[in-house]
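# Per-entry structural report
Each chain, written out:
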Amino acid sequence: MATITLPGLIDVHVHLRDPGATHKEDFETGTRAALKGGFTRVIDMPNNSEPTTSIRALKKKKRLVAGKALIPVGFHFGTNGKNTSSFLAAAADEQVFGLKLYCNHTTGEMLIEDLGLLEKVFEAWETDKPILVHAEGVQLAAVISLAQLYGRRLHVCHITQAIEVELVARAKGKGIGVTAGVCPHHLFMSGEWREKLGPYALMKPPLGTKKDMQALRKGLTSGVIDIVETDHAPHTKKEKASKVPPYGVPGLDTALPLMYRAVDEGWFEEKGIRTVLHDRPRELFRIPKQIKTRVVLETGSFKIGDDGYETKCGWSPFDGWDVPVRVKSVMLEGKTLLTEGKIVGRK
Ligand code: NCD
Ligand code: ZN
Ligand code: ZN
């Protein structure tokens, strides 16, 4: 059977829920899901129940990662606008790759709505490491202006709407240091999947229209959108089935095979996979090279979920979808961590 070899992939946007919500995921199960999906490095988001907005919380995460993770895990520091005095130390930390800012309501308690506070954040983050934003629609226009005014690099997370692609294209055209990432669920699903899957297709930002989806595909192929990020946001089935289901869907196990499906569907070029899941993420976040690291895929016809999930939440909105590849083996810095689809080691 034909195989494909790739470098170890990088996901710059995951919520591994450790500490605080380890019934959904933890650093061990989350990095298992990453390995199964062909990722050899992930960067964890700060919206834990104890948010990563202090150096103390950051140190705690580092200790937990050291004891549990199968692959390297980096962090984005968080801000509620009131912790700017920690920015210098956070930015100097080698395991911190960016600052995460929430401009819309989502999982966690880190929303900043006050423009004055936002401005203070842009002023105080005096480093070349990017500011990552959850900013939908008009909020995005506001943070792009702030990034320009303060000369900060801005990464737009999980871009969803056609208008947002337009804003990013315009900003890039003016030479503003803006980049963007898109999630597989926004590339493959539009609003009608909310009716089909109910809470299992509920996430922030919400699924867009078919027109939005087309704009995202076009944005990704033209390079206006730089990378694919999973926004791996696991919640248990029980939580999803509850009266007030939480926002978010898992994505680590499934992103890579889905991008090969995109190639089969004819809207994405195979050579772009390495660009959007390795080269560009590495470049944008200045991620160290992993030597003797590679992912081998087997080609054929597979169904998502057929061999289970490594994520602790145990489900995927793409369950049952046909995909043309499966991760066969992963080597990280000379050590085999996954072989014949089974996890056999840790870094
Ligand atoms: C994320 C989560 O659950 O942590 N949820 C989501 O719907 N995407 C938070 C986020 O990325 O906005
Ligand atoms: Zn978000
Ligand atoms: Zn997220």
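Residues numbered from 1 in each chain as written. Chains lettered and ligands numbered in written order. Predicted model: local features only at pLDDT ≥ 70, side-chain atom pairs only at ≥ 80, totals over all residues. Heavy atoms only, no water.

## What about empty space enclosed by the protein?
The test is simple: Only protein atoms enter the 1 Å grid, on which a cavity is a set of points fitting a 1.4 Å probe that cannot get out and a pocket is an open set with protein on both sides within 12 Å along at least 5 of 7 lines, lining residues being those with an atom within 4 Å of a point. Grid points are joined across faces, edges and corners, and a volume is the space filled by probe spheres set on the points.
As enumerated under the stated definition, the model contains two cavities of 30 Å³ or more in all. Roughly 100 Å³ of internal volume is contained in the largest cavity. What lines the largest cavity is a set of 16 residues, and nearest its centre among them are His15, Thr106, Lys204, Asp231 and Ala233. What the second largest cavity holds in volume is close to 30 Å³. If you trace the second largest cavity, you find it lined by Pro184, His185, Thr230, Pro250, Gly251, Thr254 and Phe318.

## Quick notes on the coordination of the zinc ion (ligand 2)
Selection rule: Water is not part of the atom set, so a site may look incomplete; the donors themselves are N, O and S atoms within 2.8 Å of the metal, or 3.2 Å for Na, K and Ca. Four donors are marked tetrahedral only if all angles between them lie between 85 and 135 degrees, whereas four are marked square planar and six octahedral if opposite donors are more than 155 degrees apart and the other angles lie between 65 and 115; the remainder are marked irregular.
Looking at the zinc ion (ligand 2), one finds its protein donor set to be His134 (ND1) and His158 (NE2), positioned 2.0 to 2.1 Å from the metal centre. In this structure, the zinc ion (ligand 2) is coordinated by four donor atoms arranged in irregular fashion, with angles at the metal of 54 to 148°.

## Points about the sheet that holds strand E2 (residues 9–14)
Put simply, the test is: Should DSSP find at least two bridges between two strands, the strands are regarded as paired. Only DSSP runs of H or I with at least four residues qualify as helices, and only runs of E with at least two residues qualify as strands; both kinds are numbered from the N terminus onward.
With respect to topology, eight strands assemble into an open sheet ordered E2-E3-E4-E5-E6-E7-E8-E9, the strand pairing being parallel. What marks the edges here is a single partner per strand, and that holds for E2 and strand E9 (227–228). With three bridges joining them, strand E6 (residues 131–134) and strand E7 (residues 154–156) adopt parallel strand pairing. The partner of leucine 132 across the bridge, within E7, is histidine 155.

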